[in-house]
Amino acid sequence: EMFLDSAALRSSVVSHAKMLGYEVSSARAPQASLNIIVTTNTDTLTMPAGTKFTASIGSDSYSFVTISDITGSGSAGQIVFSETPVYEGTYITATYTVDTSDISQRFLITDNRADINTLTVSVQNSITDTTTATYTKATDITQLVNTSTVYFCQEVEAGKFEIYFGDGVVSKALVDGNIVTLKYVVTNKTEANGVSSFTAPSSIGGETAVSVQTISRATGGAEPETINSIKLKAPLDYASQGRAVTTEDYKVFVKKLFPNTLAVSLWGGEDGSFDPSLGVLSTPEYGKVFISIKSTTGLDLSSVQKANLVSALAPYKVSS
């Protein structure tokens, strides 16, 4: 268990990967995109996080939820929440009161089916001071100062995840009485992939005339990263040093950011280009990377998935 190559226990493999700076992927919830139309006489309306939509596959019913408050405005008696992302699963809220004298206190996500990508972390000053700050996930330690409101995340025992915070030097530290709130989706993983018909909730913001249009079906549900995958990707991720320059770098990040990747083929624009009508061409198109992905679901990537992947890759691209 002392070496990544020979380790057999997941806890050992995860620990070695952490030493290489590799973040193990959690379970992923299927995501769909919906247009939600509310008939109302009001000018604005807020759809709260956790609003639930229902979808079915055969006799099985699944819940899809929003993960943030969304405010919409409209006219002519309608408010449309356009291209709203919804995630399959149960929306969970967990709260912890910070006690720095308790050296064993941990901020755990207690279900190993939680999708860490849906996690939001907020810290309230105290039970009497309701001032609340939203914390973001730390990505580059070199950019942090002692007031940075960030959190760190790691897989721990039994495939669960732990959230932890800075020490007052490397990002902001928690103090006694702070109230930490974790909100996330616990998912059935791959079971709801492909769902395309959704039923609206009985009401949104007190308005009952609600209808739904599906923009893109549910895709992206995935199991937690396997031991073999961690062993393969952790050294490659370390070699890439957090940047996408070579084709191998892009392969690593694509598989990391889109867990449903079965196979990926890509090339730089100096080696050729792609035309929607003519296909792959030998004509160079410098400054571009062309990526072709085969999904484990056997379905084409939706336009939403492609857009999400382009956005997710953006921080790793070279500046030019």
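Here, the structure is the one placed above.
Every value quoted in this text rests on a predicted model; they were computed, and no experiment measured them.

Trainee: Go over the overall build of the protein chain, please, and point to the residues and values.
Mentor: Scanning the protein chain from N- to C-terminus turns up 4 helices and 19 strands. Whereas a compact globule of 320 residues would reach a radius of gyration of roughly 20 Å, the protein chain reaches 22 Å, a difference of no more than 12%. With the principal axes as the frame, the protein chain shows a C-alpha extent of 60 × 55 × 45 Å. Sorting the 320 residues of the protein chain into buried and exposed places 41% on the buried side. Taking all contacts inside the protein chain whose residues are at least 6 apart in sequence as the whole, residues at least 24 apart take part in 68%. Accessible surface computed for the protein chain: about 16,900 Å², of which carbon and sulfur atoms make up 51%. Charge centroids of the protein chain, computed over 22 positive and 31 negative side chains, lie 4 Å from each other.

Trainee: Break down the layout of surface pockets for me, with residues and values.
Mentor: For the second largest pocket, the calculated volume is near 990 Å³. Along its surface, the second largest pocket is lined by 29 residues, and Tyr-250, Lys-288, Val-289, Phe-290 and Ile-291 are the ones closest to its centre. Breaking the lining of the second largest pocket down by element, the ones donating at least two residues are α3 (247–257), β16 (261–268), β19 (289–295) and α4 (303–313). A per-class count over the lining of the second largest pocket returns 16 nonpolar, 7 polar and 6 charged.

Trainee: Explain the packing of helix α2 (residues 227–240) against α3 to me, using residue names and the numbers behind them.
Mentor: Viewed as axis vectors pointing N to C, α2 and α3 meet at an angle of 125 degrees, and their least axial separation amounts to 9 Å. Of the possible angle classes, the one that applies to α2 and α3 is oblique. Of the two possible hands of crossing, α2 and α3 adopt the one that is left-handed. Contacts between α2 and α3 involve Lys-233, Leu-236, Asp-237 and Ser-240 from the former and Asp-249, Val-252, Phe-253, Lys-255 and Lys-256 from the latter. Looking at side-chain class alone, the contact of α2 with α3 contains 3 nonpolar, 1 polar and 5 charged residues.

Trainee: Describe the pattern of salt bridges, and please don't skip the residues or the numbers.
Mentor: Under the defined criterion, the tally for this structure stands at 10 salt bridges. Close ionic contact of Arg-243 with Asp-249 constitutes a salt bridge, the shortest N to O distance being 2.7 Å. The buried category is assigned to Asp-249, whose relative accessible area is 7%. The residue Glu-285 makes a salt bridge to Lys-288 at a minimum N-O spacing of 2.7 Å. With a relative accessible area of 43%, Lys-288 lands in the partly exposed category. Each of Arg-106, Glu-157 and Glu-162 takes part in one network of salt bridges that share partners.

Trainee: Let's hear about the pairing of strand β5 (residues 70–75): which residues, and what values?
Mentor: Pairing of strand β2 (residues 44–47) with β5 involves 4 bridges; the strand directions are antiparallel. Within β5, the position partnered with Thr-44 by the bridge is Ser-73. The pairing of β5 with strand β6 (residues 78–88) spans 2 bridges and is antiparallel. Residue Ser-75 lies in a different strand from β6, and its bridge partner there is Gln-78.

Trainee: An account of empty space enclosed by the protein is requested, with residue identities and associated values reported.
Mentor: Going through the model one piece at a time under the given rule, you end up with 1 cavity of 30 Å³ or more. Put simply, the largest cavity is a space of about 40 Å³. As for the largest cavity, its lining consists of 10 residues, and the residues nearest its centre are Thr-219, Phe-258, Ser-295, Thr-297 and Gln-305. Tallied by class, the residues present in the lining of the largest cavity amount to 3 nonpolar, 6 polar and 1 charged.

Trainee: Describe the packing of aromatic side chains, naming the residues involved and giving the relevant values.
Mentor: Each pair of aromatic rings is reported with the distance of its centres and the angle of its planes. Evaluated as defined, the whole model comprises 7 aromatic pairs. Between Tyr-135 and Phe-165, the aromatic rings sit 5.6 Å apart at their centres with planes inclined by 85 degrees, giving edge-to-face as the arrangement. One end of the pair, Tyr-135, is in strand β10 (residues 132–137); the other, Phe-165, is in strand β12 (residues 161–165), with 30 residues separating them in the sequence. You can call Phe-165 buried: its relative accessible area is 13%. Measuring from centroid to centroid gives 5.4 Å for Phe-152 and Tyr-164, while their planes differ by 20 degrees, and the two rings are stacked. Of this pair, Phe-152 sits in strand β11 (residues 150–155) while Tyr-164 sits in strand β12; the two residues are 12 residues apart in sequence, bridging distant segments of the chain. Taken together, the ring pairs connect Tyr-96, Phe-107, Tyr-135 and Phe-165 into an aromatic cluster.

Here is what the cut-offs are and how they apply
Residue numbers restart at each chain and count upward from 1, following the sequence in its written direction. Reporting of local features is limited, given that this is a predicted model, to residues whose pLDDT is at least 70; pairs of side-chain atoms are given and counted only at 80 or more, and all residues count toward the totals for whole chains, interfaces and linings. Heavy atoms throughout the structure, all of them, feed into the side-chain values; hydrogens and water do not. Runs of H or I in DSSP of at least four residues are treated as helices and runs of E of at least two as strands, each being numbered from the N terminus. Radius of gyration here uses only the C-alpha atoms, and the compact-globule reference equals 2.2 Å multiplied by the residue count raised to the power 0.38. Burial classes: relative accessible area under 20% of the type maximum marks a residue as buried, over 50% as exposed, and values in between as partly exposed (1.4 Å probe, protein chains only). Whether two residues are in contact is decided by their heavy atoms: any pair within 4.5 Å suffices. A 1.4 Å probe and the Shrake-Rupley method give the accessible areas. Residues count as covered only by the protein chains that appear here. Residues scored as charged are limited to Lys and Arg (positive) and Asp and Glu (negative), so that His and the chain ends carry no count. Working definition for charges: the position is that of NZ of Lys, CZ of Arg, CG of Asp or CD of Glu. As defined here, a cavity is a set of points on a 1 Å grid over the protein atoms alone where a 1.4 Å probe fits but cannot get out. A pocket is an open set with protein on both sides within 12 Å along at least five of seven lines, and residues line them when an atom is within 4 Å of a point. Grid points are joined across faces, edges and corners, and a volume is the space filled by probe spheres set on the points. Under the grouping applied here, Gly and all other residues not named as nonpolar or charged are polar, the nonpolar ones being Ala, Val, Leu, Ile, Met, Phe, Trp, Tyr, Cys and Pro and the charged ones Asp, Glu, Lys and Arg. Inter-axis angles, ranging from 0 to 180 degrees, are taken between N-to-C directions of lines fitted to C-alpha atoms, where helices are fitted over the stretch in contact. An angle below 35 degrees is read as roughly parallel, one above 145 as roughly antiparallel, one from 65 to 115 as roughly perpendicular, and any other as oblique. Put simply, a crossing is left-handed when the front helix is turned counterclockwise from the back one by less than a right angle, and right-handed when it is turned clockwise. Any carboxyl oxygen of Asp or Glu that lies within 4 Å of a side-chain nitrogen of Lys or Arg is treated as forming a salt bridge with it. Two strands make a pair as long as DSSP finds a minimum of two bridges between them. What counts as a ring pair is set by centres within 6.5 Å for rings of Phe, Tyr and Trp (its six-membered ring), and what kind of pair is set by the plane angle: stacked under 30 degrees, edge-to-face over 60, tilted for all other angles.

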